Amino acid sequence: MTLDIIKLDIKNRDIPSVYLWYGEDRYSLTEALKLLKNYYLLDDPSGSNTELLNGKEQTREEMIQAANMTAFFSGKLVVVDDLPYFSTGRSKGTSESENSAEETERSDSGRGSDPDILLEYCLNPNPSTCLVLISEKVNRGRKLFKEINKNGKAVEFAFPKGQTEWTAWLQKEALQNGKNLSVPAALFLLEWAGHQTGVLSQELAKLALYTGEKQNIEIEDIRKICLPMIETTVFAMLDAIAAENTKDALTRLCEVLSQEHYLKVHTMIVRHIRLLLAASIWRARRGTVNDFMDTAGIRTFFEGNKLFQQADSFSANRLAEAMEDCLQTELALKSSGGNPQLLLEIMVIRLCKK
């Protein structure tokens, strides 16, 4: 687990002079930042030697000036969030892409700062400062990334991949709350609450309080305490439509409408049907789940596999007709002045009878 890397660095008092943190798992990144701040607060309870900067607002000169400023009696922590420098340029690490990336670095420095200053600092950083650079995405072929990875430490905060990693992550989080979580319960929680580490951590904390002295978190506990992810309910509604179960489909629709605005609900249904159509086409071509996910831009295997399997219940023609029904409903929602829930219910009834 990525968070364990930071915990080990802190435990061993082996904090690099430059960190580059990146990735989509913002929850784990935020937790790691809390740990690092607390580590520096041990020697500096006032927090005066910790600076938080915005990468889009400060020039590189200002960042480096903060990192080079000597702190008295303790180390210094400088955190620069939302940096735009690492994701531009081509993604492959060939010499051509490196040249392109370096040319980009010369043009994206922002507010007139020298583009080489940050790179030069990373080659010879202030040993009494920990400079944490945070970016959502990185291009590993960039010279700046390579130098940080060489002289400091680059850490990717990525979501767990596949059911095995997700299950292990959930079980570890449950143990930290003093609870046990079986594999079936972990998989149910994933399907019920989604694949966001921050949301899942909050749900496990709620479950720990609810279960009290009981050691094991059961599936029924999850049903009672955790709110189902709206996408989960949409999946269930489409399953009911595929089975031509109008009653169940309308029940699921009402559940979704109780959580979100009707236009957002309509948009979610349209997106779902569009993705099912794409999955149906790939299935007809004997494509794989990964082929479909790459085409549709879906990042989590759970969602991609679920859509790919669900598409088997619909023909391409039926999904194309469903898209036409969605279009007519959208026009009615935006122009007729009719009852939005009634219009969506009529759409769902029509979809069940296709």
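Calculation criteria
- The written sequence of each chain sets the order in which its residues are numbered from 1.
- Residues qualify for local features only when their pLDDT is at least 70, as the model is predicted, and side-chain atom pairs are given and counted only at 80 or more; totals for whole chains, interfaces and linings, by contrast, use all residues.
- The basis for every side-chain value is the complete set of non-hydrogen atoms in the structure, without hydrogens or water.
- For the purposes of this entry, the term helix denotes a DSSP run of H or I that reaches at least four residues, the term strand denotes a run of E that reaches at least two, and both are numbered from the N terminus.
- Burial classes follow relative accessibility: with a 1.4 Å probe on protein chains only, a residue under 20% of its type's maximum area counts as buried, one over 50% as exposed, and anything between as partly exposed.
- The criterion used for residue contact is that any of the two residues' heavy atoms lie within 4.5 Å.
- Accessible surface is estimated by sampling points in the Shrake-Rupley manner with a 1.4 Å probe; for residues, cover comes only from the protein chains shown.
- For the purpose of counting charges, residues Lys and Arg are taken to be positive, whereas Asp and Glu are taken to be negative. His and the chain ends are not included.
- In this description, the location of a charge corresponds to atom NZ of lysine, CZ of arginine, CG of aspartate or CD of glutamate.
- Cavity means a closed set of points on a 1 Å grid over the protein atoms alone, one where a 1.4 Å probe fits but cannot get out, pocket means an open set with protein on both sides within 12 Å along at least 5 of 7 lines, and lining means a residue has an atom within 4 Å of a point.
- Grid points are joined across faces, edges and corners, and a volume is the space filled by probe spheres set on the points.
- Expected span, for any helix, means 1.5 Å times one less than how many residues it has.
- To obtain the arc, one takes the directions from the helix axis to the C-beta atoms.
- We define a nonpolar core as any set of buried Ala, Val, Leu, Ile, Met, Phe, Trp, Tyr and Cys residues linked to one another through side-chain atoms lying within 4.5 Å.
- A pair of strands is treated as paired once DSSP finds two or more bridges between them.
- Throughout, an axis means a line fitted to C-alpha atoms (over the contacting stretch in the case of helices), and angles, computed between N-to-C directions, take values from 0 to 180 degrees.
- Should an angle lie under 35 degrees it is considered roughly parallel, over 145 roughly antiparallel, and from 65 to 115 roughly perpendicular; all remaining angles are considered oblique.
- Take the far helix as the reference: if the near one is turned anticlockwise from it by less than a right angle, the crossing is left-handed, and if turned clockwise, right-handed.
- Note on residue classes: Ala, Val, Leu, Ile, Met, Phe, Trp, Tyr, Cys and Pro are nonpolar, Asp, Glu, Lys and Arg are charged, and everything else, Gly too, is polar.
- Note on aromatic contacts: the rings of Phe and Tyr and the six-membered ring of Trp form a pair at centre separations within 6.5 Å, being stacked when their planes are under 30 degrees apart, edge-to-face when over 60 apart, and tilted otherwise.
- Placement of a positive charge over a ring is assigned whenever Lys NZ or Arg CZ falls within 6 Å of the ring centre and within 35 degrees of the normal to the ring plane.

Colleague: A description of the overall build of the protein chain should follow, citing residues and the corresponding values.
Modeller: Counting its secondary structure elements, the protein chain contains 17 helices and seven strands. Classification of the 354 residues of the protein chain by burial places 45% in the buried group. Contacts spanning at least 24 positions in sequence make up 74% of the contacts within the protein chain whose residues lie at least 6 apart. Total accessible area computed for the protein chain in this model is approximately 18,300 Å², and 50% of it derives from carbon and sulfur atoms. Separation of charge centres in the protein chain, based on 42 positive and 49 negative side chains, amounts to 3 Å.

Colleague: Explain the layout of surface pockets to me, and be specific about the residues and the numbers.
Modeller: In this structure, the largest pocket occupies an estimated 540 Å³ of space. Every residue lining the largest pocket is counted, 24 residues in all, and those nearest its centre are E24, F159, P160, K161 and R299. Secondary-structure elements contributing two or more residues to the lining of the largest pocket are α7 (162-176) and α15 (301-310). Broken down by element, the lining of the largest pocket gets its largest block of residues, four residues, from α15.

Colleague: Now, about α7: what can you tell me, with residues and values included?
Modeller: Here α7 is 15 residues long and its end C-alpha atoms lie 22 Å apart, about the 21 Å a rise of 1.5 Å per residue gives. Within α7, burial applies to W166, T167, W169, L170, E173 and A174. An end-on view of α7 places all buried positions within 165 degrees of arc, on one side of the element. Within α7, the exposed residues directed more than 90 degrees away from the buried face are T164 and L175. Against the buried residues of α7 lie α2 (26-43), β6 (180-181), α8 (183-193) and α9 (197-211). G178 sits one or two positions beyond α7 and adopts a positive phi of about 80 degrees.

Colleague: Break down unusual backbone geometry for me, with residues and values.
Modeller: One non-glycine residue, R13, lies in the positive phi region at around 55 degrees. If you trace the backbone, R13 turns up in the loop between α1 (2-11) and β1 (18-22). Despite not being glycine, D82 has its phi angle at roughly 65 degrees, a positive value. Looking at where D82 falls in the secondary structure, it is placed in the loop between β3 (76-81) and α4 (95-107). Take D82: its relative accessible area is 36%, and that puts it in the partly exposed class.

Colleague: Mind laying out the environment of P127, listing which residues take part and the relevant values?
Modeller: For P127, the location among the structural elements is in the loop between α5 (117-123) and β4 (129-135). Given a relative accessible area of 72%, P127 falls into the exposed group. Sequence spacing of P127 and R223 is 96 residues, and the spatial spacing of their C-alpha atoms is 51 Å.

Colleague: Requested: an account of the nonpolar core, with residues and values cited.
Modeller: Counting residues in hydrophobic clusters, the biggest one holds 38 residues, and the most contacted among them are M237, L238, I241, L253, I269, I273 and F292. Taken together, the elements giving at least two residues each to this core come down to α11 (230-242), α12 (246-257), α13 (262-284), α14 (289-296), α15, α16 (316-335) and α17 (340-352). Top contributing element to this core by residue count: α13, with eight residues. The next biggest cluster of nonpolar side chains, apart from the first, holds 25 residues, and it includes V18, A66, L118 and Y121.

Colleague: Break down the sheet that holds β3 for me, with residues and values.
Modeller: Ordered by their spatial adjacency, five strands build an open sheet running β2-β3-β4-β1-β5, and the pairing between neighbours is parallel. Either end of the sheet is taken by a strand with one partner, and the two such strands are β2 (50-54) and β5 (153-156). The average undirected angle you get between the axes of adjacent strands in this sheet is 15 degrees. When β3 meets β4, the two strands line up parallel, connected through five bridges. Paired with V78 across the strands is L131, a residue of β4. Where α1 meets the sheet, it contacts β1 and β5, and its direction lies at approximately 145 degrees from that of β5. Sitting on the sheet, helix α6 (residues 143-151) is in contact with β1, β4 and β5, with an inclination near 120 degrees to β1.

Colleague: Give me the lowdown on the packing of α11 against α13, citing residues and values where you can.
Modeller: Their axes nearest at 11 Å, the elements α11 and α13 cross at an angle of 60 degrees. Comparing their axes, α13 and α11 come out oblique. Here the hand of the crossing between α11 and α13 comes out right-handed. Contacts between α11 and α13 involve I230, E231, V234, F235, M237 and L238 from the first element and M268, I269, H272, I273 and L276 from the second. Residue classes in the contact of α11 with α13 are distributed as nine nonpolar, one polar and one charged.

Colleague: Outline the packing of aromatic side chains, listing residues and values.
Modeller: Evaluated as defined, the whole model comprises eight aromatic pairs. Judged by centre distance (6.2 Å) and plane angle (75 degrees), the rings of W166 and W169 are edge-to-face. Of this pair, W166 and W169 both sit in helix α7, separated by three residues, roughly a single helical turn. Since its relative accessible area comes to 8%, W169 is described here as buried. Joined through ring pairs, the aromatic side chains of Y19, W21 and F157 make up one cluster. Above the face of the F308 ring, R283 is positioned so that its terminal group lies 5.0 Å from the ring centre.

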